[in-house]
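Coordinates in review
Spelled out, the chains give:
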Amino acid sequence: MKHTADQTTTKTLADLYRSIDRQQAVTITYLDEDGTESIRTIEAYDIRTTKSGRIQVRAMCRLRSEARSFYLHRIVSYTCHRMAFVLDRPEATTPAGAVIVVRSAAQVIARELGRDYLPRTVVTRDTTALAA
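Residues numbered from 1 in each chain as written. Predicted model: local features only at pLDDT ≥ 70, side-chain atom pairs only at ≥ 80, totals over all residues. Heavy atoms only, no water.

**Section: the pairing of strand β5 (residues 66-71)**
Direction of pairing for strand β4 (residues 55-61) relative to β5: antiparallel, over a ladder of 6 bridges. Of the residues in β5, the one forming a bridge with methionine 60 is alanine 67. In sequence, β4 turns back onto β5 through a hairpin of 4 residues, with serine 65 there showing a positive phi of about 60°. (Pairing = 2+ DSSP bridges. Helix = DSSP H or I, 4+ residues; strand = E, 2+ residues; numbered from the N terminus.)

**A short note on the sheet that holds strand β3 (residues 37-49)**
Taken in spatial order, the 6 strands of this open sheet run β1-β6-β2-β3-β4-β5, and their pairing is antiparallel. One side of each edge strand has no neighbouring strand; the edge strands of this open sheet are β1 (2-3) and β5. Strands in contact with helix α1 (residues 9-22) are β1, β2 (24-31), β3, β4 and β6 (75-84); relative to β3, the strand with the most contacts, it is inclined by about 85°. (Contact = heavy atoms within 4.5 Å. Axes fitted to C-alpha atoms, helices over the stretch in contact; angles between N-to-C directions.)

**What to know about the environment of glycine 35**
Mapped onto the elements, glycine 35 comes out in the loop between β2 and β3. Glycine 35 sits 39 residues away from arginine 74 along the chain, and the two C-alpha atoms are 9.6 Å apart.

**Quick notes on the pairing of β6**
Where β1 lies against β6, 2 bridges are found, and the strand directions are antiparallel. Residue pairing for β6: lysine 2 is matched across the bridge by tyrosine 78. As defined by bridge partners, β2 adjoins β6 across 6 bridges and the pair is classed as antiparallel. Directly across from isoleucine 28, in β6, lies its bridge partner tyrosine 78.

**Overview of the pattern of salt bridges**
Inspection of the entire model under this criterion finds 7 salt bridges. Across the pair lysine 11 and aspartate 15 runs a salt bridge whose closest N-O atoms are separated by 3.1 Å. A residue pair is termed a helical-turn pair when its members lie 3 or 4 positions apart in one helix, as lysine 11 and aspartate 15 do in helix α1 at 4 residues. Judged by its relative accessible area of 34%, lysine 11 is partly exposed. Here glutamate 33 and arginine 74 are joined by a salt bridge, their closest N and O atoms 4.0 Å apart. Note that glutamate 33 is positioned in the loop between β2 and β3 and arginine 74 in the loop between β5 and β6, a separation of 41 residues in sequence. Connected via shared salt-bridge partners are Lys2, Lys11, Asp15 and Arg18. (Salt bridge = Lys/Arg side-chain N within 4 Å of Asp/Glu carboxyl O. Buried < 20%, exposed > 50% of the residue type's maximum accessible area, 1.4 Å probe, protein only.)

**Quick look at unusual backbone geometry**
In this structure, glutamine 23 is a non-glycine residue whose phi angle is positive, near 55°. Mapped onto the elements of the fold, glutamine 23 is located in the loop between α1 and β2. Within the chain, serine 65 stands out as a residue other than glycine whose phi angle is a positive 60°. Mapped onto the secondary structure, serine 65 falls in the loop between β4 and β5. A relative accessible area of 48% places serine 65 in the partly exposed class.

This is the structure in structure tokens:
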């Protein structure tokens, strides 16, 4: 079992990305908002950065048998397994509910860049507080 406090975030992310690539389960010790620790086996399928800058792991939780989000800073420890994924993950959809169709690697990159670099506030000509 690897403790996240004993290693860099980069090492933890590398292990999680490797489990996604190999489609292998990971058992995590997760600290909930109220301070309760739980042990879950997850099948990660996406890692993203939220608008607030936190790293979020999207995964199928074997305990709940549904998609869940886990914040990286709340993962206390983890173990990567050789067990293959067994749960079906939901289809990727847009906020309007339409299914996303990605046909190339360039589209994936464009979607990620677009999502990560969207402005948090609307910038207009009248907005001078945002000027450098």
